[in-house]
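For reference, the chains in residue letters:
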2 protein chains.
Amino acid sequence: MTVLIALGGNAMTAPDGSARPGDQMAAITIAAEPIADIVAAGTRVVLTHGNGPQVGNLLVKNEIAASVVPPVPLDWCGAQTQGTIGVLLMNALDAALRRRGVETRTAVLVSRTVVSAADGRFAEPTKPIGRYLPADAAADLIAHGQSWQDFGERGWRRVVASPEPSECLEAAPAAALLAAGFVVVCSGGGGVPVVRDPDGTLRGVEAVIDKDLTAAVLARQLGADTMVIATDVDAVVQDFGLPSARPVGEIPVARMRALAAAQDFAPGSMGPKVEAACRFAEAGGRAVITSLHRIGDALAGTAGTVVVP
Amino acid sequence: MTVLIALGGNAMTAPDGSARPGDQMAAITIAAEPIADIVAAGTRVVLTHGNGPQVGNLLVKNEIAASVVPPVPLDWCGAQTQGTIGVLLMNALDAALRRRGVETRTAVLVSRTVVSAADGRFAEPTKPIGRYLPADAAADLIAHGQSWQDFGERGWRRVVASPEPSECLEAAPAAALLAAGFVVVCSGGGGVPVVRDPDGTLRGVEAVIDKDLTAAVLARQLGADTMVIATDVDAVVQDFGLPSARPVGEIPVARMRALAAAQDFAPGSMGPKVEAACRFAEAGGRAVITSLHRIGDALAGTAGTVVVP
């Protein structure tokens, strides 16, 4: 069985969302344990991960140091986080597997995701990223061509395009590494976004891709049996905040679609997770939304929201 | 035939050494051409690359933004450059191969190199990195535990440890990807340095590893036939700067060792290249030092310094 696990922010940042180096290392060390259990049980595992707070930090460094060191584009920041989070994941998983007497090792691919240059989201950026700034500082950056949005009392924040992922270019090397027996980390942060020019040439583009939507594409390309979206809640909650609130267990994708249409799942959070799960189930796979420490139970069918074809 | 090519700074920075995003992209686009020719000729290619100016820029950003965003350790900066340079190499090589009608694609591994915690170089850092600062600014950073050195008129510069590489941990996934037909990028910037704790756990450590010395280790681990150190001169020059100056052609490793003992090869530059070439030849391989655009000729035996067993 091949399982793709998409690790959310809580697997690599402190509970308050901060991403100091020590926070990242501590969170990933904890996250490695349930993953190592699954690998030790004989499952083929592909990992992908978020990178929001990490990219946020890199953008702030770019901004503050811009008069001394040339800033790098947003897509480069994503590539940078694939390197740092990748090394932490390899070190932590290797250690957790060694403690279990398992020989399997982890390999991390720097990886790109194709998006369309014609994607309408490039014209209307909506994904907030980086720190809040006062209006006058934001105005300066708007004058330099960036999009910033007023978030009221907290200040202004940069918004960037979050286009639809269409293809994970590194699915082929990921499949080769899986076949050779490695745990594979691929498409971190949703993948580094690239567009294909008419002559076939690939070119980086400033955007961030939702990591769960990319996970659904990668899981399908790799023929994974199950995709697990690991987050900070045990299951999707129907009627959240109402007296009728209850967790969603195993559910056919058509019913999940109807539920999503009726409920108000948060656009930057549970919304894309449910969307990604539905897409993967519609492609014939089993999609699980659960918390990191319940992954094993969810694979055994005793926890989580499980969207089935 | 398997060839490992170690790309020097000139393959990914402007001629003046600057590493603005556009400089990096332009240099890598040019570097991809001779590499694509070699791949098109049917040779299995492994690439590794330097990252000095790129890491230098990241260190400066760390420093300038330190009061707002937590700085990341030096080894994380190396991991970050594996991501950015890796994406540029994939995009450029994919395009160059497509133009030649070649189906081969490139895969980039985030990769670590084992060094010894007992390496004496940790106690006496010698590798200059990052920007020059005035004495008072350097004194501040020395007070924070960093090593800085007086370089006279240009100012003070941080010096870090450059320990001996002993093992490329990602040689196994690199071999799997090569066997599956990919051009593989591995151990960029000499690899992210890790030390092995007594219980076997791996842990990142602040250092930079000479990329040519790592290349020799990786080439040996992969059983490469030839290692090419691609730099900005066509060959090693004996008696450099004297009337008797002449390029070194094919040379047995014992004679190259004798020459290196007699000559004054620059410690941060040609010195480690010659050392790496000798080590690989002593392990039974053929080691070439030449310029990027002469790689093809050097493999055919008509250019470059070729150190043979």
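Not measured: the values here are computed from a predicted model. (Residues numbered from 1 in each chain as written. Chains lettered and ligands numbered in written order. Predicted model: local features only at pLDDT ≥ 70, side-chain atom pairs only at ≥ 80, totals over all residues. Heavy atoms only, no water.)

Novice: Before we go on, may I ask you to explain unusual backbone geometry in this structure?
Specialist: Excluding glycine, residues mostly have negative phi values, and the peptide bonds linking residues are mostly trans. Residue and element names in this part refer to chain B. A positive phi angle, close to 60°, is found at Ser187, a residue other than glycine. With respect to the helices and strands, the residue Ser187 is situated in the loop between β9 (183-185) and β10 (192-196). The phi dihedral of Asp239 falls on the positive side, at around 55°, and the residue is not glycine. Residue classification places Asp239 among the buried positions, given a relative accessible area of 18%. (Helix = DSSP H or I, 4+ residues; strand = E, 2+ residues; numbered from the N terminus. Buried < 20%, exposed > 50% of the residue type's maximum accessible area, 1.4 Å probe, protein only.)

Novice: Is there a simple way to explain the packing of aromatic side chains in this structure?
Specialist: Note on aromatic pairs: each is described by the distance of the centres and the angle between the planes. Residues and elements named next belong to chain A. One pass over the full model with this rule turns up 2 aromatic pairs over all chains. Plain terms: the ring middles of Tyr132 and Phe151 are 6.1 Å apart, the flat faces sit at 85° to each other, and that makes the pair edge-to-face. Here Tyr132, found in strand β5 (residues 127-133), pairs with Phe151, found in the loop between β6 (148-150) and β7 (156-160); they are 19 residues apart in sequence, far enough to count as distant. (Phe/Tyr/Trp six-rings, centres within 6.5 Å; stacked < 30°, edge-to-face > 60°.)

Novice: Is there a simple way to explain the interface of chain B and chain A in this structure?
Specialist: How large an interface is tends to be reported as the accessible area lost when its parts come together. Taken residue by residue, the interface counts 52 residues in chain B and 52 residues in chain A. Of the roughly 4,100 Å² buried between chain B and chain A, counting both surfaces, carbon and sulfur atoms make up 73%. Counting the surface chain B buries against chain A, the share from its top three residues, Lys61(B), Trp76(B) and Val110(B), is 17%. Of the charged contacts in the structure, one is a salt bridge between Asp94(A) and Arg112(B), with a shortest N-O distance of 3.2 Å. At the junction of chain B with chain A, the criterion picks out 10 residue pairs in polar contact (both at pLDDT 80 or more). Within the residue set of the side of chain B that touches chain A, elements represented by two or more residues are α1 (21-40), α2 (52-64), α3 (74-99), β3 (106-110), α5 (171-179), β10 and β11 (202-204) of chain B. Sort the elements by how many residues they give to the side of chain B that touches chain A and α3(B) lands first, with 13 residues. Residue composition of the side of chain B that touches chain A, by class: 31 nonpolar, 12 polar and 9 charged. Pairing between strand β3 (residues 106-110) of chain A and β3(B): 3 bridges, direction antiparallel. (Contact = heavy atoms within 4.5 Å. Buried area = accessible area lost by both parts, 1.4 Å probe. Salt bridge = Lys/Arg side-chain N within 4 Å of Asp/Glu carboxyl O. Polar contact = N/O pair within 3.5 Å; in protein donor to acceptor, adjacent residues only side chain to side chain. Nonpolar A, V, L, I, M, F, W, Y, C, P; charged D, E, K, R; others polar. Pairing = 2+ DSSP bridges.)

Novice: I'm lost on the environment of Gly191(B) in this one. Help?
Specialist: Residues and elements named next belong to chain B. With respect to the element layout, Gly191 can be found in the loop between β9 and β10. Residues Gly191 and Gly50, spaced 141 residues apart in sequence, show a C-alpha to C-alpha distance of 9.5 Å. Once you skip the residues sitting within four places of it in the chain, Gly191 turns out to touch Gln82, Ser111, Thr113 and Ile209.

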